[in-house]
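Take a look at the letters that make up each chain.
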Amino acid sequence: MFAWASVLNAVMAFGMETTFFRYLNKYPDNKAKVYNNAFASVLFITILFLVLTLPFTGHIASFIKVGEASSHSDFERFIVYFIGILVIDAWCVIPFAKLRAENRPGRYGFIKFVNVLIFIALNLTFIWVLPYWIRHQLPGTAWINSWYVKGWVGYVFLSNLISSALTLLLLLPEFIKVRLKLDWRMLGEMFTYSWPVLIANLSFIINENLDKILLGQLPPQNISDHQVGIYGACAKISLFLSIFIQAFRLGAEPFFFSHAKNKNAGQTYARIMDYFVIVICVIFVGLIANIEILKYFIQNKSYWVGLPVVPPLVFGYVSLGVYMNLSVWYKLSDQTKYGLYISGVGAILTIVINVLFIPKYSYMASAWASLIAYATMMVLSYVWGQKNYPIPYDLKKNLAYIVSSIVIVYISFYVFNRNIFVGDALLAIFILAALYFEFNNLKAIFSRK
């Protein structure tokens, strides 16, 4: 369900988040018009989405249902919950982008934190508090028993819907600033810029989620749920790096656009890339070196058999992080068609590798498909970027750190069989080597401050 939701989230946002930042940079004196146009675009798409989905929830449930754990009626109810989640989250995209563009990270972070806090609190209430309440016959038990179904997975989705609705309420001050008075010429330009971004984002979401969908469909029905469970559980470890990359993107994207007109913008982007590569390589090595500890985040010990998917998945995110940095060239030069081409290649690789190899290699095929797709996107973006919008990246140094991290991970995971002491010793050596080689650059940076 969440995999499908991620795909549809990209469709309804229509690439307008990136477009919003670009057009704020292009039209600094017409920020209100840019905001109105971007929000109106998303609003129109969500209304169209509601028209095309709400009357057909039963058919949609039949199409995406996986396994026999939930009934068709439950799945249909899940569809309704997710339609609500998707629409509300789409409405919040541009207001959140506005907070980022206005350098208001405190309010942005507070609202996101409240969203997560409410989501977790409701899940704990439905999964733990209410059963405890009923078990001890506390006041109101009869009323709770009249509607509560113990162990119903739909409460997770309902919690998400409620937390999304509360997020929308917290963003009301941004919503009331919207005026549905459109600049049609600017709107046309924004759509021309954004539709390749949409396809690129959609391709990225396919890369990120299609493996889980296909794992639920291609293996025999009696084992598909278990295969998805193993893969999804082990993939949680790679999310530590994914979260860092997404956090970096949230801050870096508006920064890249706002500094585009500076004379030394290229050197700034290259310097950012240098230290970004070092940090993600350290995280890559650190995660694999300590996988024997991190595996306890996977509560079902029978899923530990899937731990070999973690190194390729994490390196896939290393490639993705570098690609996100490199992608600044086609966004700043208004050549978003290249983002479409690059992500399209990644999506095709993801589909082909998964379809061909999941029946034989199961979730390992999905992990390597992710790595190959993101690594290919990284290389294509660098090659085309240097031809169309050259940025003076230090290719040799960045490659040295990336290759070194791969070698260390191979030694730690495969040669020494995930020995935590060897892994952390290699991690310490890697960090000390990076500090040694970067000492003069870091000294110069901090001395200027």
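Some remarks on the overall build of the chain
For the chain, the helix and strand inventory stands at 19 helices and zero strands. Its C-alpha radius of gyration of 23 Å places the chain within 12% of the 22 Å reference for a compact globule of 449 residues. Along the longest, intermediate and shortest principal axes, the C-alpha atoms of the chain span 70 × 65 × 45 Å. Taking all 449 residues of the chain together, 51% fall into the buried category. Nonlocal contacts in the chain, meaning residues at least 24 apart in sequence, comprise 80% of its contacts between residues at least 6 apart. Counting only carbon and sulfur atoms, one obtains 69% of the accessible surface of the chain, whose full area is about 21800 Å². Charged side chains in the chain number 35 positive and 20 negative. The centres of these two groups are separated by 5 Å.

Observations concerning the pattern of salt bridges
Pairing of side chains with opposite charge becomes possible as their charged atoms draw close. Tallied over the entire structure, the rule returns 19 salt bridges. The salt bridge partner of Glu-17 is Arg-100, with a shortest N-O separation of 2.6 Å. Of this pair, Glu-17 sits in helix H2 (residues 16–26) while Arg-100 sits in helix H5 (residues 72–101), placing them 83 residues apart in sequence. We classify Arg-100 as buried; its relative accessible area is 8%. Across the salt bridge formed by Arg-249 and Glu-17, the nearest N and O atoms sit 3.6 Å from each other. Of the two residues, Arg-249 is situated in helix H11 (residues 221–258) and Glu-17 in helix H2; the sequence distance between them amounts to 232 residues. By relative accessible area, Arg-249 is classed as partly exposed at 21%. Through salt bridges with shared partners, a single network forms among Lys-98, Glu-102, Arg-104, Arg-107, Glu-174 and Lys-177.

A few points about the packing of aromatic side chains
We describe a pair of aromatic rings using the distance from one ring centre to the other and the angle between the two ring planes. One pass over the full model with this rule turns up 37 aromatic pairs. Between Tyr-81 and Trp-152 the ring centres are 6.4 Å apart and the planes differ by 70°, which places this aromatic pair in the edge-to-face class. Taken as a pair, Tyr-81 in helix H5 and Trp-152 in the loop between helix H7 (141–145) and helix H8 (154–170) lie far apart in primary sequence, 71 residues in all. For the pair Tyr-81 and Trp-152, a shared accessibility class is recorded, and that class is buried. Plain terms: the ring middles of Phe-244 and Phe-276 are 5.9 Å apart, the flat faces sit at 20° to each other, and that makes the pair stacked. Remark: Phe-276 occurs in helix H12 (residues 265–289) and Phe-244 occurs in helix H11; sequence separation between them is 32 residues. The exposure class assigned to Phe-276 is buried, which follows from its relative accessible area of 3%. Members of the aromatic cluster, joined through ring pairs, are Phe-75, Phe-78, Tyr-81, Phe-82, Phe-126, Trp-143, Trp-147, Tyr-148, Trp-152, Tyr-155 and Phe-157. The ring centre of Tyr-275 lies 6.0 Å from the NZ or CZ of Lys-397, which sits over that ring.

Describing the packing of H5 against helix H6 (residues 105–135)
The interhelical angle for the contact between H5 and H6, taken along N-to-C directions, is 145°, at an axis separation of 8 Å. Of the residues in H6, those in contact with Phe-96, Leu-99 and Arg-100 of H5 are Arg-107, Tyr-108, Ile-111 and Lys-112. Across the contact of H5 with H6, the residue classes tally to four nonpolar, no polar and three charged.

Brief notes about the nonpolar core
Counting residues in each nonpolar core, the largest one holds 135 residues, and the members touching the most others are Phe-20, Ile-94 and Val-310. Setting aside its immediate chain neighbours within four residues, Phe-20 contacts Val-34, Tyr-35, Ala-38, Ile-94, Ala-97, Lys-98 and Ala-101.

Focus: a nonpolar patch on the surface
Together, Leu-218, Ile-348, Ile-351, Val-352, Val-355, Leu-356, Phe-357 and Tyr-361 make up an exposed nonpolar region whose accessible area comes to about 710 Å². For Val-355, the location among the structural elements is in helix H16 (residues 337–361). Overall, Val-355 belongs to the partly exposed group, its relative accessible area being 41%.

Thoughts on unusual backbone geometry
Within the chain, Asn-417 stands out as a residue other than glycine whose phi angle is a positive 55°. Summarising the element assignment, Asn-417 is placed in the loop between helix H18 (395–415) and helix H19 (420–448). Phi at Arg-418 takes a positive value of approximately 65°, unusual for a residue other than glycine. When you line up the elements, Arg-418 lands in the loop between H18 and H19.

Comments concerning the environment of Pro-392
Its place among the elements puts Pro-392 in the loop between helix H17 (363–388) and H18. On a C-alpha basis, the gap between Pro-392 and Gly-266 in space is 6.5 Å, while along the polypeptide they are 126 residues apart. Not counting residues within four places of it along the chain, the set of residues in contact with Pro-392 comprises Gly-266, Gln-267 and Ala-270.

Some thoughts on helix H4 (residues 57–64)
Those residues of H4 that fall on the buried side of the exposure criterion are Thr-57, Ala-61 and Ile-64. Along the long axis of H4, the arc covered by the buried residues comes to 80°, so they all point the same way. With respect to the buried face of H4, the exposed residues turned more than 90 degrees away are His-59 and Phe-63.

About the criteria used
Residues numbered from 1 in each chain as written. Predicted model: local features only at pLDDT ≥ 70, side-chain atom pairs only at ≥ 80, totals over all residues. Heavy atoms only, no water. Helix = DSSP H or I, 4+ residues; strand = E, 2+ residues; numbered from the N terminus. Rg over C-alpha atoms; globule rule 2.2 N^0.38 Å. Buried < 20%, exposed > 50% of the residue type's maximum accessible area, 1.4 Å probe, protein only. Contact = heavy atoms within 4.5 Å. Areas by Shrake-Rupley, 256 points an atom, 1.4 Å probe, with all protein chains shown as cover. Lys, Arg positive; Asp, Glu negative; His and termini not counted. Charge placed at Lys NZ, Arg CZ, Asp CG, Glu CD. Salt bridge = Lys/Arg side-chain N within 4 Å of Asp/Glu carboxyl O. Phe/Tyr/Trp six-rings, centres within 6.5 Å; stacked < 30°, edge-to-face > 60°. Lys NZ or Arg CZ within 6 Å of the ring centre and 35° of its normal. Axes fitted to C-alpha atoms, helices over the stretch in contact; angles between N-to-C directions. Nonpolar A, V, L, I, M, F, W, Y, C, P; charged D, E, K, R; others polar. Core = buried A, V, L, I, M, F, W, Y, C linked by side-chain atoms within 4.5 Å. Patch = residues over 30% accessible without salt bridge, like charges linked within 9 Å, V, L, I, M, F, W, Y side chains within 5 Å. Arc of directions from axis to C-beta.

Worth remembering: the numbers are spatial, not functional.
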